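Notes for the structure review
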Amino acid sequence: MFVGAGTVINIFAITGGASFGVLVGARMHLRTRTLITEILGLITILGAVSALAPMWSDNYVNALPKGWSLLAILGSLLAGGLIGSALNLERKFDSLGEYLRKKFRAREESTFVEGFVAASLLFAIGPLAILGSISDGMSTGIDQLVLKSSLDFFAAMAFAASLGWGVAASAIPVGIYQAIWTVIGLALGSVLSAYQVDAMTITGGLLLICIGLRLLKIKEIAVGNLLPALFIAPVLVYLLNALI
């Protein structure tokens, strides 16, 4: 297996699952697709809850000064939100989705952009995307990315059944994101400590909640502007860990 094989498999899993979902979704009534979207919103929030679990783990709590486990995540989100807002990442992310919508020749009133944004964040967030890509880069196996690909295939199929081709287009940013971590793994070996991955996972869990709220039409949160928090979190907890 070549370096990056895990991410290539993941890309094919997302596009394959999404393609099958679109074919199935085209035969569904609007009310059925709406119901599926709402179910996906609930499942996304459920996935977010599991991503938040490390918040109370001894590994994460003991790595930080007492009382800083929550403040570290708060600081990451605030700093990430300020950076994301200054760079206007949400608008740029939507613009990329709109550009791809035109390339895919999807209708303007379609859910292409919504599917692209939601699926991109869902498939990129989580420890498997990071650890699996780093492991791939270190040539220690692609087992984690194969597992992630299996999960993403069925998730893409379910999302695309109601949100359309935007889910397939999400394979592009997901592939780039995982490729970056693969290169890091290739160049530097083991980069992140377990508590740093926990910090990214917790922060990602909160972003997943935002996605779930959007899918349920409860609250439109500019998730794209919060993306820098994913990269700030491991740096911030590392600095806090150095204070112990």
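This brings us to the nonpolar core. Residues Phe123, Phe159 and Val167 are the most contacted members of the largest nonpolar core, which totals 44 residues. If you tally residues by element for this core, the top one is helix H6 (residues 112-124), at 10 residues. Leave out the neighbours within four places in its chain, and Phe123 touches Ile14, Ala129, Lys148, Asp152, Ala155, Ala156, Val167, Ser170, Val174 and Gln178.

Turning our eyes to something else, we now look at the pattern of salt bridges. Tallied over the full model, the rule gives three salt bridges. Residue Asp152 is joined to Lys148 by a salt bridge in which the shortest nitrogen-to-oxygen separation is 2.6 Å. Highlighted residues: Asp152 and Lys148, both in helix H8 (residues 143-163), separated by four residues, approximately one helical turn. With respect to class, Asp152 is no different from Lys148; both count as buried.

Where helix H11 (residues 194-215) contacts helix H13 (residues 228-241), the axes come no closer than 8 Å and their chain directions differ by 140°. The pairing of H11 with H13 is recorded here as oblique in orientation. When the axes of H11 and H13 are compared, the crossing they make is right-handed. Between H11 and H13, the contacting residues are Tyr195, Gln196, Ala199, Met200, Thr203, Gly204 and Leu207 on the first element and Ala229, Leu230, Ala233, Pro234, Val237, Tyr238 and Asn241 on the second. Looking at the contact of H11 with H13, its residues break down into 10 nonpolar, four polar and no charged.

The next thing to look at is the packing of H6 against H11. A pair of packed helices is captured by two measures, namely the crossing angle of their axes and the spacing between those axes. At a minimum axis separation of 10 Å, H6 and H11 run at an interaxial angle of 155°. The orientation of H6 relative to H11 falls into the category roughly antiparallel. Crossing of H6 over H11 shows left-handed handedness. Between H6, through Glu114, Val117, Ala118, Leu121 and Leu122, and H11, the contact on the second element is made entirely by Leu208, Ile211, Arg214 and Leu215. Of the residues that constitute the contact of H6 with H11, the class distribution is seven nonpolar, no polar and two charged.

Bringing the environment of Gly6 into the picture now. Note on placement: Gly6 falls in helix H1 (residues 5-25). Among all residues touching Gly6, those that are not within four sequence positions of it are Asp136, Ile142, Leu145 and Ser149.

Cut-off values and rules
Residues numbered from 1 in each chain as written. Predicted model: local features only at pLDDT ≥ 70, side-chain atom pairs only at ≥ 80, totals over all residues. Heavy atoms only, no water. Core = buried A, V, L, I, M, F, W, Y, C linked by side-chain atoms within 4.5 Å. Buried < 20%, exposed > 50% of the residue type's maximum accessible area, 1.4 Å probe, protein only. Helix = DSSP H or I, 4+ residues; strand = E, 2+ residues; numbered from the N terminus. Contact = heavy atoms within 4.5 Å. Salt bridge = Lys/Arg side-chain N within 4 Å of Asp/Glu carboxyl O. Axes fitted to C-alpha atoms, helices over the stretch in contact; angles between N-to-C directions. Parallel < 35°, antiparallel > 145°, perpendicular 65-115°, else oblique. Left-handed = near helix turned anticlockwise from the far one by under 90°. Nonpolar A, V, L, I, M, F, W, Y, C, P; charged D, E, K, R; others polar.

This is a description of form; function is not addressed.
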